[in-house]
Amino acid sequence: CSPYNVSSTAAGSVGTGSAILNSTINPNNTSTSITYRYQTGSTATCNVSTPASTVVGPSSLTGTADLSGATTQQSLTGLIPNQVYYFCATANNTYGTGYASSVLNFTTSLQKPFIYAQGVTSIATTTASLTSTVNPNNASTTIIYRYSTTSQACSSHGTGSTGPIGLTGTANISPNATSITGLTGNTIYYYCATANNGQTVNSVNDGNNGTYSFLTL
């Protein structure tokens, strides 16, 4: 007989890019395999084509009792941070396929933005333009450039100049150019970029304390 009592249960171990999908199924005394369907778009339907993506779960399950927990769960990886995913369980044997009656959802964890590079252009006597390459990691991100005339770790620079705000998505964004003014001529300035999307990262992690320098004209 076809598997029955197929139901999705809450996802576990949800991280920034992975989760464990769970279900309860009854193999109905026939060797049964589980497939989980998932997608990012909202849906209340679980069938042969929805949700749109699949990950193969445990197989060769048998017996007449309901199975759940580690026996039926499957790890899902390669997910996007700060993203809602919808999923359901399906169970198949030689007699047919059973579909969960409901679709559940979970939200992956927030991940700090990545800062891949920073630089300076348009250096003049009292002004300069600071730049950076940032990945917001799918959460609204604000860039703040910090600078001073003292060589020190990024977080110790006292002056901040707000750069672009509301950056989002999963792609690298550049140049994020931001003009700073009121500088003193013929002076070395040390600078860095910080990015915040609910979590803050201070500059690039490159063994240089994330701080670079330029000399005004």
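Residues numbered from 1 in each chain as written. Predicted model: local features only at pLDDT ≥ 70, side-chain atom pairs only at ≥ 80, totals over all residues. Heavy atoms only, no water.

1. Brief notes about the side chain of T131
If you trace the backbone, T131 turns up in strand β10 (residues 128-135). Relative accessible area serves as the criterion here: at 14%, T131 is assigned to the buried category. Beyond its immediate chain neighbours, meaning those up to four positions away, T131 contacts A117, Q118, G119, V120, T121, Y145, P175, N176 and A177. (Helix = DSSP H or I, 4+ residues; strand = E, 2+ residues; numbered from the N terminus. Buried < 20%, exposed > 50% of the residue type's maximum accessible area, 1.4 Å probe, protein only. Contact = heavy atoms within 4.5 Å.)

2. Some thoughts on the nonpolar core
Formed by 22 residues in total, the largest nonpolar core has its most connected members in L21, Y36, L76 and F106. Mapped by element, the contributors of at least two residues to this core are β2 (19-26), β3 (33-39) and β6 (84-93). Element by element, the count of residues in this core is highest for β6, at 6 residues. Excluding anything up to four places from it in sequence, F106 contacts A11, V14, A19, L21, L76, L79, Q83, V84, Y85 and F87. I115, L130, I180 and A195 belong to the second largest nonpolar core, which has 16 residues in total. (Core = buried A, V, L, I, M, F, W, Y, C linked by side-chain atoms within 4.5 Å.)

3. A few points about the sheet that holds strand β5 (residues 74-76)
Taken in spatial order, the 3 strands make up an open sheet running β1-β2-β5, and their pairing is antiparallel. The open sheet terminates on both sides in strands that have one partner only, identified here as β1 (4-12) and β5. Pairwise comparison of adjacent strand axes, ignoring direction, gives a mean angle of 25° for this sheet. Relative to β5, β2 runs antiparallel, the two being bridged by 3 bridges. Bridge assignment links L21 to a residue of β5, and that residue is Q74. (Pairing = 2+ DSSP bridges. Axes fitted to C-alpha atoms, helices over the stretch in contact; angles between N-to-C directions.)

4. A look at the sheet that holds β10
The strand order across the open sheet formed by 3 strands is β9-β10-β13, and the pairing between neighbours is antiparallel. The open sheet has two free edges, formed respectively by β9 (114-121) and β13 (178-180), since each of these has just one partner strand. Strand after strand, the sheet turns through a mean of 25° between neighbouring axes, direction not considered. Note that β9 and β10 share 7 bridges and pair antiparallel. Bridge pairing links G119 to T131 in β10.

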